Structures are given as C-alpha cells and as structure tokens.
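Analysis of the macromolecular model
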Amino acid sequence: MAFSYVSGVLTADGVPLDRLAEAVGTPVYVYAASRLRANYQAYAQAFARDPVDVCFALKANSNQSIISLFARLGAGADVVSEGEMRRALAAGVPPQKVVFSGVGKTRDELAAALVAGIHQINVESLPELEALSAVAVELGRTAPVALRINPDVDAGTHGKIATGRKEDKFGIDLGHAVQAYAKACGLPGLAPKGYAVHIGSQLLNINPYDDAYGHLSDLVIATREAGLKVERLDLGGGLGVPYRGETAPDHDAYAAIVRKRLGNLGCRLTLEPGRSLVGDAGVLLARVIYVKEGLHRRFLIVDAAMNDLMRPTLYDAYHGIRPVFEAAADAPLAPMDVVGPICETGDTFARQRDLPPMAAGELVAFMTAGAYGAAMSSTYNSRPLVAEVLVDDGQWAVIRRRQTFEEMLALDVAPQWRHV
Ligand code: LLP
C-alpha cells in the first residue's frame, strides 16, 4: 500500500505525511513513486506480448517529474495542447512517442507539432484535416495522422467525462469515417496511419470497450476493403480507479478485449491512460483551520479548496478523507461537511461524511487525488498554486514549488494604452 498508517501516522511509501506538511506546508499534493511505477507496470505486463505503446495522458497530471518518471519506464505522452507537448518534450519524452489529441487544435499548435516531428496527430474533423494539410504543405512536412472516430458508445460514466456518444463533440461519426479517411489520403501533406477512439474516462465497467473496439475493427476492415492502408490504432484511455472501494478494472481482462477485437488486424496499438496511472498514487494534504458547529451541521473547514481540487465541485466526485493521525479503532464517527475557505457553497469536498472527531490544526488527506487534481487547479480567490511532492524509496522532493504571492501578482500588468 503506497498510503498506509505506520505507527498511527499516515505515510506515503513510509514517509510520514505530518513531517512533509511541516517541511513544505499545506495544502500540498504528495505522490508515491512506487504506486506510479506499479500502475505503469500493470499495463506493461498485461500487454507484454502485444504491439502496444503506452502514452501517458498528460492532462491527468502534467508535472514534469511525473512525466519523466513514466518516460524512463518507456512511456510516451498523449498531449492536448502545445503547452502539454512542450512539457512532454521538456520532460524527456522523445517526439516519436508523442501523440497529439484534441478537438480544437489551432494552426499554430499543428505547426508546432509538425516542427517537433511527433509520432501522430489525432484529427477529429474535416476542417481540421484541411487545416493540417495546409499547414503541412506550408512547412514542407508530412503529417502522420490518425482519424478519431466517434463510435456512439455510452461509456456509462459521468456525463461530463463521457466522450464517445454521438451527441458528444468528439471524433468523426462512424458512418462517415471511411469517406473522411479516403479524403485524408488524397490531401497533400498528410500520411494517414489509422484511427483513434476514446469513449470516456473513469470506466469501472470495461464492456463498453468491447463495443467500441468491435466498431473499430469493422471500420478497419471496411477501410481496407476500400483499398486504403490502416497501420495503427489508438485506443484511448479511460480505465477507472476506485474512489470509494469499488473494484478496479482488470488490466488483463481489458487486454483480452483488445486482443479479441483487434489482435488479428496487424496494427500497432497505442493506449492513452491518464487516471489509472496516477489517480491512486496521489493525495492532497490539508490542515483543518476550524471546526465550526453550525445549526444543523458540523463543518470541517480546511485550508485546501475547490481551486486546489476541483473534482468534488465539478463532478460531485467522491474522494476518501483520512486523518493523518489515525483515529482510535473505537473512535465515534459523526457526519461532517468538509469544506474549503472559498466564498461559494460549491467549495465543498464532502457532505455529511462520517469522520472521527477532529480538531483545528489536524491534518487530513484527500485520497486518490493524483489524477486531475493539481492539473486542474487554479488561483481562484487569489490562492497561489500549491506545492507538489514526490516520495520515492524513503526520500522526498518538492517537484513543484508553491507559487509565491509575488509570482501570482506579477502576471497582472498596469495598462499601457495604445491607439488602434
Ligand atoms: N485520451 C483522450 C483523448 C482523452 O480525452 C482522455 C481524457 C484520456 C485519453 C485519458 O483518460 P483517463 O485514462 O484519464 O480516463 N477531469 C475529469 C476527467 C477528464 C478526462 C478527459 N479526457 C475528471 O477529473 O474526472
């Protein structure tokens, strides 16, 4: 267990979290390297005998130390903006292992990707195909392209993170995919390589992949029947993590679906996992500022807020909350609302959560916060970005400094008026 109690104190790979809080302050994200590695190995092992490349979806956690940890294990990167591409390259991911996804890449971003010479650009629409062709011709380069298709499969996840239904903004619908692929083959500057699909995030039930990859297989066959070459398939990300004791999807079962549906097509495969690589490897550590007895509720007011961890506010997401100092086995549990200091009611991490007695000054950990935590944080309410710490083999290191007030304020500039 990456996070467990040792002598009554919650630790990250054996490093006591209270010591980290003292050294770095709170709020702070803490990641356990052992867990990050184990999560990567779960994919590597399940797909050991398949032609599969694992490209870490940076959007889940784009800290460069995390990216380079995965890169050293052999991972590539799935990026969705020029910023993410720069992070991947700066962290040591070779361009030949970078895939660029996203529904709204600008011409500048497409040009940057071509100049960097990345592995593949996943194109999501006809206008994007045309833009990429024009940019590639202008630069005298050839763009390796995969067409993202929308298989119209419901991933059975939260509506805001389901991406493969026909009403979602992503991909080209199946019915028009061969036509679009043929068009791509005819456009100058493009080298169509295959197809991409991503049906959503936080899938605890992997059956929707069976449907989606079944459609993908039919599409490859239809495309080849039209006389076109398909060499690669990008299968997206999406494997979920247990936030409240659910059963995690089994990598071997997932690999079996991939093999059954796509194994005999002779394609090179890419996976784009994000959450399942980092989610359970991180916690957000916070300190209780006050315990407030409301008229009807007890509020635990902590120094982390929705700007640091948006998921509860945005998706009503559940994160386990554990006191850093282990409660006595017979401690009475009582319902509390765990909230941050931000001036809106949505700044609530948990409602009526049963927790042991807690006092001001105590430390709590929001569990399973390694994915879409720090990466989605902001400075709302002028709260500086929090620090991030990596724990590895009994040692710890700051991997993102806490933003200073000076840095935060310095982005605003006094107006220097100009005439149009
Ligand atoms: N590939 C593509 C094209 C994606 O859009 C995503 C996630 C991934 C891969 C990685 O998916 P994962 O393996 O992490 O499920 N902020 C939300 C999650 C948004 C996911 C967006 N796309 C959350 O906190 O739940």
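Chains are numbered independently. Their residues run from 1 in the order of the written sequence. The predicted origin of the model limits local features to residues at a pLDDT of at least 70 and limits the giving and counting of side-chain atom pairs to 80 or more, whereas totals for whole chains, interfaces and linings rest on all residues.

1. Focus on the overall build of the chain
We count a stretch as a helix when DSSP gives it H or I for four or more residues in a row; a strand needs E for two or more, and each element gets its number in order from the N terminus. A tally of regular secondary structure across the chain gives 12 helices and 21 strands. With the radius of gyration taken over C-alpha atoms, the globule rule is written as 2.2 Å times the number of residues to the power 0.38. For the chain, whose C-alpha radius of gyration is 23 Å, the value lies close to the compact-globule estimate of 22 Å for 420 residues. Looking at the chain as a whole, 46% of its 420 residues are labelled buried. Contacts in the chain between residues far apart in sequence, at least 24 positions, make up 70% of those at least 6 positions apart. Counts of 20 or more other C-beta atoms within 10 Å of a residue's own C-beta define buried residues, counts of 12 or fewer define exposed ones, and intermediate counts define partly exposed ones; C-beta atoms are placed from the backbone. The contact rule is simple: place each C-beta atom from the backbone, and if two of them lie within 7 Å, those residues are in contact.

2. Here we look at the UniProt feature "binding site: substrate" (unreviewed entry) in the chain
UniProt positions are given in the numbering used here, feature names are shortened, and annotations may be inferred rather than shown by experiment. In the UniProt entry, the feature "binding site: substrate" (unreviewed entry) is given for Arg 275, Arg 311, Tyr 315, Glu 344 and Tyr 372. For the residues just named, distributed over 98 residues, the greatest C-alpha separation reaches 27.6 Å, placing them at more than one site. Within the secondary structure, Arg 275 sits in helix α10 (residues 275-278). Residues within four places of Arg 275 in sequence aside, it is in contact with Ala 60, Ser 201, Gln 202, Gly 240, Val 241, Ala 371 and Tyr 372. By the secondary structure assignment, Glu 344 is in the loop between β17 (334-339) and β18 (348-355).

3. So, the domain arrangement of the chain
The domains assigned to the chain are domain 1 (3-30 + 279-410) and domain 2 (33-277). Each domain span listed reflects an automatic or database assignment of domains. Using C-alpha coordinates to define each centre, domain 1 is positioned 32 Å away from domain 2. Of the residues lining the interface, 21 residues belong to domain 1; the matching set on domain 2 comes to 19 residues. Where the side of domain 1 that touches domain 2 is concerned, the elements lending two or more residues are β20 (387-392) and β21 (395-400). In terms of residue count, β20 provides more of the side of domain 1 that touches domain 2 than any other element does, 4 residues in total. Here the residues of the side of domain 1 that touches domain 2 sort into 11 nonpolar, 5 polar and 5 charged. Classification convention: Asp, Glu, Lys, Arg as charged; Ala, Val, Leu, Ile, Met, Phe, Trp, Tyr, Cys, Pro as nonpolar; all other residues, Gly among them, as polar.

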